[in-house]
Amino acid sequence: MIKKRIIESVSKKSKRFSPSKIFRENAHIKSFEEYLKLYQESIENPDLFWAKQAEELDWFKKWDKVSSWKKTKLECKWFEGGKINISYNCLDRHLDSRGNKTALIWEPEVGKAKKYTYKELHKVVCRFSNVLKKYGVKKGDRVCFYMPMIPELTIGMLACVRLGAIHSVVFGGFSIESLKDRIIDSKAKILITSNASLRKGKSIPMKNNVDAILGDCKSLKKVVVVKRADDIDTFMKKGRDVWWHKEVDSNNIDDFCKAKEIDSEHPAFILYTSGTTGKPKGVVHSTAGYLMYTYLTFKYVFDYKEEDIFWCTADIGWITGHSYIVYGPLANGATTIMFEGVPTYPNPDRYWEIVDKYKVSVFYTAPTVVRALERFGKKWVEKHDLSSLRLLGSVGEPINPDAWMWYHQVIGKGKCPIVDTWWQTETGGILITPLPGAVDLKPGSACFPFFGVKASVLTEEGQKAKKGEGGYLVIEKPWPSMLRTVYKNPKRFKDTYFNKFPGMYFTNDGVKCDEDGYFWIMGRMDDVVNVSGHRLSTAEVEGALVSHGSVTEAAVVPMPHKIKGSALYAFVTLKKGLSGGIDLISELRNHVGFEIGPIAKPDRIQFTNELPKTRSGKIMRRILKAIAAGKEDVGNTMTLANPEVVKKLKKERLPL
Ligand code: PRX
């Protein structure tokens, strides 16, 4: 039925881009019919489908049961009874067939690159696992990472999962306050950090800053410090702080560490992410299901070939880096690139230089990067040979058709399909995406669900939306890499994801499906904002503003931004007697930077004596959002207790 409907509608052609004949012929999935056939199998007989796929991984013991879903308990299990190890699947199993193949290429911001073959990566991961063991790290212990994009981050993560220790990577751009909250919440035993991070050729101290919060992190027993820069005087507390290189290179450390047999459902990692309210939540991912899903999506979405050089430009501090720099590629035996720097330093052709240098064949980035680089013009692209590229990817936010076209024409020279991949921290891997050899692309659409993903568009009342009608994106049934819970907070897990439409995973994204069955993601329906592809909670930024001594109230809303997609706009009321000026704006921005991290600094802060509120005192964010966006019509103001404030706010609005 689904098949018939989609095939019929697909033949009613609109503006679309088909893969070339050569691409199609060489792809894993070569036609839309083939995709549909497999998709249908995966939906109608999921256990059979996933059991077949799972045979491609290496198991210590095969599963007893492929999947189970107890809706009332919200308990989902995949490959129950099985024993497996992520690190083993990413490293050991490749040693015979591709031991000398490059696994990881690390491109530093400046200086000499490093390459690790599978054999070399295996050895250094084993050695670090042995270091962790020496410090008493056992299965289930939490290990926190606060690092720049250096190889030790990948090595450390693989070392953790080798032992069944649960890693919690905190994005290096978050503040130390954010780091503290995450260490305390997860009760991490070990922190792994760096003495410095590099930005625009300069070393910026990291470990010395972290010292300020370590006293509050009672669970921490050890801090392992990577020496990224020699020009920083790093304080090391005796008995607590140790150098990575001294530990790993020590003669007492063995080259081999046996990968532990881990239960399928054992948590592999926690990754904190922003939600609508309160503190960030610890999204918990499993072992076998997560590995299975990232392995398979990497293979099919990026149409992976043994000779590919794959580059995902994300930071490993976000889920994209976890799944598609580290686990997905390595589970497939691919060569994956990790880049420390930024796209515009020393020049806006840094990315294209890297593509040329390593002959990257598959390139995966965010729309904000595409827009930012487009601004500098074609000349930077044309300096380099990008002919190695065969496939491009996009993630993190909707890609506007203009940026899509530039990406397609100027970067992909009109020959590379673009996979616009929709997913979330919680989903672990890509859920909605074109398969590049099988699907005709429509710029701006994430196209179709991946195998096993039953995606639907529901109205507020929970009815299936009509074609073209906007609604909520839900996933009707669990898929292998669905988050298992919110760390130590099952209630939040239930309330956030399964309450709105009981038993179905609620994505919090708006979507519509067109007459051809293509999915068009419209963005978040809650108070989460994607700023330059970074997920932030407006409530958290409001909390940070209010924690400043001069602020009484704050309302933060997204405003459209040409490069970032969305920017943050803050409306702030000050304590009696205070007046806002440029100095206070910069102080407040810095304060938010201190509390959360520089990425959360609002682009605009507008001071006001009052915020528009309902009679029950609720701030009307809908109206503020319209004002920030510069809309003339801000919608119904009838329910406001103070409608007169709207006119004033509109008049004093700060344009971007
Ligand atoms: O709103 C969607 C947007 O990013 C959100 C998830 O953010 P995060 O958990 O940080 O994960 C980002 C990378 C996987 C989603 O709820 N989003 C992600 N990909 C797309 C997207 N919006 C539109 N199109 C996409 N391809």
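So, here's what we can say about the structure.

As a further point, take the site of the ligand. Around the ligand, 17 residues are found, and the nearest of them are D420, T421, T425, D509 and R535. Contacts to the ligand include P398, whose backbone N or O atom sits 3.5 Å from a nitrogen atom. One of the side-chain nitrogen or oxygen atoms of R524 is found 2.8 Å away from an oxygen atom of the ligand. Notes on the ligand: free accessible area 540 Å², of which the protein chains cover 98%. Of all the secondary-structure elements, those providing two or more residues to the shell around the ligand are α13 (319-331), β21 (418-421) and β28 (519-524). For the shell around the ligand, the per-class residue count stands at six nonpolar, six polar and five charged.

The next subject is the pairing of strand β32 (residues 565-574). Side chains on a regular strand alternate between the two faces of the sheet. Across the ten residues that make up β32, a large majority, nine, are buried. Across ten bridges, strand β31 (residues 551-561) lies against β32 in antiparallel orientation. Counted as the bridge partner of V556 is A570 from β32. Connecting β31 to the next strand, β32, in antiparallel fashion are three residues. Of the strand pairs in this sheet, β32 and strand β33 (residues 604-607) are connected by four bridges, and their pairing is parallel. Note on β33: the bridge partner recorded for A570 is I605. At this point the chain moves from β32, through helix α20 (residues 582-595), to the parallel β33, and the crossover so formed is right-handed.

Okay, the sheet that holds strand β14 (residues 262-263) next. Strand order across the open sheet formed by three strands is β1-β4-β14, with antiparallel pairing between neighbours. What marks the edges here is a single partner per strand, and that holds for β1 (59-61) and β14.

One way to see where empty space is left: roll a probe the size of a water molecule over the atoms. The tally for this structure, following the rule as stated, stands at two cavities of 30 Å³ or more. Counted as a void, the largest cavity has a volume near 60 Å³. If you trace the largest cavity, you find it lined by V169, V170, F171, F174, R182, L271, Y272, T273, G317, W318 and T425. Counting only elements with at least two residues in the lining of the largest cavity, the list comes to β8 (166-171) and β15 (269-273). When grouped by side-chain class, the residues that make up the lining of the largest cavity number seven nonpolar, three polar and one charged. Its boundaries defined by the atoms lining it, the second largest cavity holds a volume of some 40 Å³. Along the walls of the second largest cavity sit N85, I86, V161, G164, A165, I262, H266, P267, A268 and T287, which together make up its complete lining.

This part covers a positive patch on the surface. Together, K133, K139, K258 and K260 make up a region of like positive charge exposed at the surface. Assessed through its relative accessible area of 40%, K260 is described here as partly exposed.

Parameters and conventions
- Residues numbered from 1 in each chain as written.
- Predicted model: local features only at pLDDT ≥ 70, side-chain atom pairs only at ≥ 80, totals over all residues.
- Heavy atoms only, no water.
- Near = heavy atom within 4 Å.
- Polar contact = N/O pair within 3.5 Å; in protein donor to acceptor, adjacent residues only side chain to side chain.
- Areas by Shrake-Rupley, 256 points an atom, 1.4 Å probe, with all protein chains shown as cover.
- Helix = DSSP H or I, 4+ residues; strand = E, 2+ residues; numbered from the N terminus.
- Nonpolar A, V, L, I, M, F, W, Y, C, P; charged D, E, K, R; others polar.
- Buried < 20%, exposed > 50% of the residue type's maximum accessible area, 1.4 Å probe, protein only.
- Pairing = 2+ DSSP bridges.
- Right-handed = clockwise from strand over helix to strand, strands pointing away.
- 1 Å grid on protein atoms, 1.4 Å probe; cavity = no way out; pocket = protein on both sides within 12 Å on 5 of 7 lines; lining within 4 Å.
- Points joined across faces, edges and corners; volume = space filled by probe spheres on them.
- Patch = residues over 30% accessible without salt bridge, like charges linked within 9 Å, V, L, I, M, F, W, Y side chains within 5 Å.
- Salt bridge = Lys/Arg side-chain N within 4 Å of Asp/Glu carboxyl O.
- Lys, Arg positive; Asp, Glu negative; His and termini not counted.
- Charge placed at Lys NZ, Arg CZ, Asp CG, Glu CD.

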